[in-house]
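Residues per chain, in single letters:
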Amino acid sequence: MLTLLFLGDVVGEPGRSAVIARLPEMRAQYGADFIVVNGENAAGGRGITGKIAIDLLRAGVSVITTGDHIWDQKDIVAFIGTEPRLLRPINYPEGAPGAGWIVLETPKGKVGVINVQCRTFMQPILENPFHIVEQAVAKLRSETANIMVDVHGETTSEKIAMGRFLDGKVSAVIGTHTHVQTADEQIFPGGTAFMCDAGMCGPINSILGRAIEPIMNRFISNMPASFPVATGEVRLRGALIEIDERTGRARQIRRVDEAGPVEAMTAEPEPKIDIDPSAASEDA
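The model shown is predicted, which means the values in this text are computed figures rather than measured ones.

(A) Quick look at the nonpolar core. Core analysis: the largest hydrophobic core is formed by 34 residues, its most contacted members being L5, L7, V19, L23, I48, I64 and L86. Within the residue set of this core, elements represented by two or more residues are β1 (2-7), α1 (12-30), β3 (34-38), α2 (50-58), α3 (76-79) and β13 (234-244). Among the nonpolar cores identified, the runner-up in size contains 21 residues, and L2, L4, F6 and I174 belong to it.

Quick look at the structure:
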């Protein structure tokens, strides 16, 4: 049995420090053979840097997925082409830096990972994710039946539709972006594990990982504000999937909800980042 651990959107310094600190222990605890982490909010809550990507990989992450904030840090355009284990959504137009999928060898066979971004209420609007993923899965299945898809999107309907569309074609479809862990983990009839959103790795006394007061005031006043990453207690949330590596069919999926290290609760806040979203979910 191949055991895949997926951790949802890592938010800022509290989230990434907690993941790096806890990952070796969690790997042993869950018997994880392969670890995928969504890192698109790891740098100050927006984007990821090359250094952060390297730190996560050194901590034991196998593949880092991202989403709509992939280009928010200026160094990532040059870096992403040098590190194939850092993915950007596969449905960017041809010629975009980096790649949206990867296949890696493990002691239990090859594992493929695809990163795709939805279109409903998402910016930028990318190529049709269903067409692009279908083509990618066909290519990957010539190498392995063990394929995991991170579907990064705002609406539950589009992510569920993607899961149903890929049922029987991939091992797991796990949603990211909204930072709120859903309770709909299941295995579809064709053997594909699904969860609408893995949740986040970040401060839980927050609004999507950000300090509460500025976001509340933004909704109340409609005035622009800075949304600093919150501090305090950190939770690491995601999914654990057991896959029959001979067939690629999922046998079990369950939610992961782990405490971060105690020291993360006293971490210093990160510098404020000036943004003006029309809703808090745009910064997810």
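(B) Just the pattern of salt bridges, in detail. Applying the stated criterion to the full structure yields 14 salt bridges. In this structure, R85 and E83 form a salt bridge, with 2.9 Å as the shortest nitrogen-oxygen distance. Taking the shortest distance from any N to any O, the salt bridge between D257 and R235 comes out at 2.9 Å. With D257 in strand β14 (residues 249-259) and R235 in strand β13, the pair connects residues that are 22 residues apart, well separated along the chain. Accessibility expressed as a relative area gives 34% for D257, which makes it partly exposed. Take R235: its relative accessible area is 18%, and that puts it in the buried class. Ionic contacts of the salt-bridge type, sharing partners, join the residues E233, R235, R237 and D257 into one network.

(C) Geometry of the pairing of strand β8 (residues 172-176). Most of β8 is tucked away, with 5 of its 5 residues classed as buried. Of the two faces of β8, both are covered, the one formed by A172, I174 and T176 as well as the one formed by V173 and G175. Judged from the 5 bridges that link them, strand β7 (residues 147-152) and β8 form a sheet pairing that is parallel. Looking across to β8, one finds that D150 is bridged to I174. A crossover connection joins β7 to the parallel β8 through helix α5 (residues 156-165); in handedness this β-α-β unit is right-handed. Note: β8 against strand β10 (residues 193-195), 3 bridges, orientation parallel. Within β10, the position partnered with I174 by the bridge is M195.

About the thresholds
- Residues numbered from 1 in each chain as written.
- Predicted model: local features only at pLDDT ≥ 70, side-chain atom pairs only at ≥ 80, totals over all residues.
- Heavy atoms only, no water.
- Core = buried A, V, L, I, M, F, W, Y, C linked by side-chain atoms within 4.5 Å.
- Buried < 20%, exposed > 50% of the residue type's maximum accessible area, 1.4 Å probe, protein only.
- Helix = DSSP H or I, 4+ residues; strand = E, 2+ residues; numbered from the N terminus.
- Salt bridge = Lys/Arg side-chain N within 4 Å of Asp/Glu carboxyl O.
- Pairing = 2+ DSSP bridges.
- Right-handed = clockwise from strand over helix to strand, strands pointing away.

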